[in-house]
Amino acid sequence: MGQAKASVIRSDLDIVIARTIARDTARSLGFGAIDQARIATAVSELARNIFLYAGTGSVTVCEIERNGRRGLEIMCEDQGPGIANIDLVMQDGYSTSRGMGMGLPGAKRLMDEFDIRSQEGQGTTITCRKWRI
Ligand SMILES: Nc1ncnc2c1ncn2[C@@H]1O[C@H](COP(=O)(O)OP(=O)(O)OP(=O)(O)O)[C@@H](O)[C@H]1O
Ligand SMILES: [Mg+2]
């Protein structure tokens, strides 16, 4: 198993770096080009949310294994304002920033597993996984 790769998100450039790390890790794990793009897009959206709504946070990419299957896990953590209503933010088109409101529901669709935990005033942790076929 490879080492977890953590990146701190505090600027636009960090979003690009996290995206690149995710894509490179996906490629090294044997994901095809389309899955590499899906994973990179999900990381990019989640990292952008950290930057926009929490200011700073981290994105960690690591290799995982379950029942003999290999995959990639992305963990996004911040100590920002948190999310009061998770069902609401997971709806297509909901945005508090005049965005498209597609980042979270889109990232969920691009990954196989998606778990979001948040407490108002405490921060948000999103863990998502993609399994190799
Ligand atoms: N890390 C976070 N901390 C606090 N609030 C968040 C966080 N991520 C998302 N949100 C909230 O969830 C809403 C929906 O996020 P989502 O990424 O789906 O859409 P968006 O960022 O508004 O627009 P888009 O991503 O399409 O440009 C955001 O508008 C924001 O209110
Ligand atoms: Mg967004």
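Counting restarts for each chain: residues are numbered from 1 in the order of the written sequence. All chains are assigned letters beginning with A, and all ligands numbers beginning with 1, in the order in which they are written. With pLDDT at 70 or above as the cut-off, local features in this predicted model cover only qualifying residues; side-chain atom pairs require 80 or more to be listed or tallied, and sums for whole chains, interfaces and linings still use all residues.

## Structural notes on helix α4 (residues 103-110)
Residues are called buried when their C-beta atom has 20 or more other C-beta atoms within 10 Å, exposed when it has 12 or fewer, and partly exposed otherwise; all C-beta atoms are positioned from the backbone. Counting from the N terminus, the helices are DSSP H or I runs at least four residues long and the strands are E runs at least two residues long. Those residues of α4 not exposed but buried are G103, L104 and A107. Buried residues of α4 fall within an arc of 95° about the axis and therefore sit on the same side. In this description, a residue-residue contact is defined by the distance between C-beta atoms placed from the backbone, which must lie within 7 Å. At its buried positions, α4 is contacted by α2 (33-54), α3 (86-89), β4 (113-119) and β5 (123-131). Taken from the helix axis, the directions to the C-beta atoms give the arc we talk about.

## Side note on the sheet that holds strand β2 (residues 57-66)
Two strands are counted as paired when DSSP detects at least two bridges linking them. Strand order across the open sheet formed by five strands is β1-β2-β3-β5-β4, with antiparallel pairing between neighbours. Of all strands in the sheet, those with a lone pairing partner are β1 (5-9) and β4, marking the two edges. Geometrically, the sheet is characterised by an average inter-axis angle of 15° between neighbouring strands, direction not taken into account. Summarising the sheet, β2 and strand β3 (residues 69-78) pair through 10 bridges and their orientation is antiparallel. Across the sheet, the residue bridging to R66 is R69, located in β3. Sheet contacts for helix α1 (residues 12-28): β1, β2 and β3; angle to β1, the most-contacted strand, approximately 165°. Every axis corresponds to a line fitted to the C-alpha atoms, with the helix fit spanning only the stretch in contact, and the corresponding angles, defined between N-to-C directions, vary from 0 to 180 degrees.

## Thoughts on the nonpolar core
In this structure, V43, L46, A47, V59 and I74 are the most contacted members of the largest nonpolar core, which totals 27 residues. Residue assignment for this core shows that the elements contributing at least two residues are α1, α2, β2, β3, α4 and β5. Residue contacts for V43: discarding those within four places in its chain leaves A18, R19, A22, V59 and I74. By definition, a nonpolar core groups buried Ala, Val, Leu, Ile, Met, Phe, Trp, Tyr and Cys residues that connect through C-beta atoms lying within 7 Å of each other.

## Remarks on the site of ligand 1
Lining the immediate surroundings of ligand 1 are 22 residues, of which N49, S95, G99, M100 and G103 lie closest. Per-element tally for the shell around ligand 1: the top contributor is α2, with five residues. By definition, a residue lies near a molecule or strand when the C-beta atom built from its backbone is within 6 Å of it.

## Here's the deal with the packing of α1 against α2
Two quantities define a packed helix pair, namely the angle between the helix axes and the distance between the axes. Relative orientation of the contacting elements α1 and α2 amounts to 155°, with a least axis distance of 8 Å. Taken together, α1 and α2 sit at an angle that is classed as roughly antiparallel. As for how α1 packs across α2, the hand of that crossing is right-handed. Here α1 contributes I15, A18, R19, A22, R23, A26 and R27 to the contact with α2, which in turn contributes D35, Q36, I39, A40, V43, S44, A47, R48 and F51. For classification, angles of less than 35 degrees are called roughly parallel, those exceeding 145 degrees roughly antiparallel, those between 65 and 115 degrees roughly perpendicular, and all remaining angles oblique. By definition, turning the near helix anticlockwise from the far helix through less than a right angle yields a left-handed crossing, and turning it clockwise yields a right-handed one.

## Focus: the environment of C76
Summarising the element assignment, C76 is placed in strand β3. Judged by local crowding, C76 falls into the buried class, with 25 C-beta atoms found within 10 Å. Each C-alpha atom, one on C76 and one on R19, is 12 Å from the other, the two residues being 57 residues apart in sequence. Not counting residues up to four positions away in its chain, the partners in contact with C76 are L46, A47, I50, G57, V59 and I126.

## Description of the packing of α2 against α4
Interhelical geometry of α2 versus α4 gives an angle of 150° and a closest axis separation of 9 Å. The angle between the axes of α2 and α4 places the two elements in the roughly antiparallel class. Crossing of α2 over α4 shows left-handed handedness. Every residue of α4 that contacts α2 at R38, T41, A42, E45, L46, R48 and N49 is listed here: G103, G106, A107 and L110.

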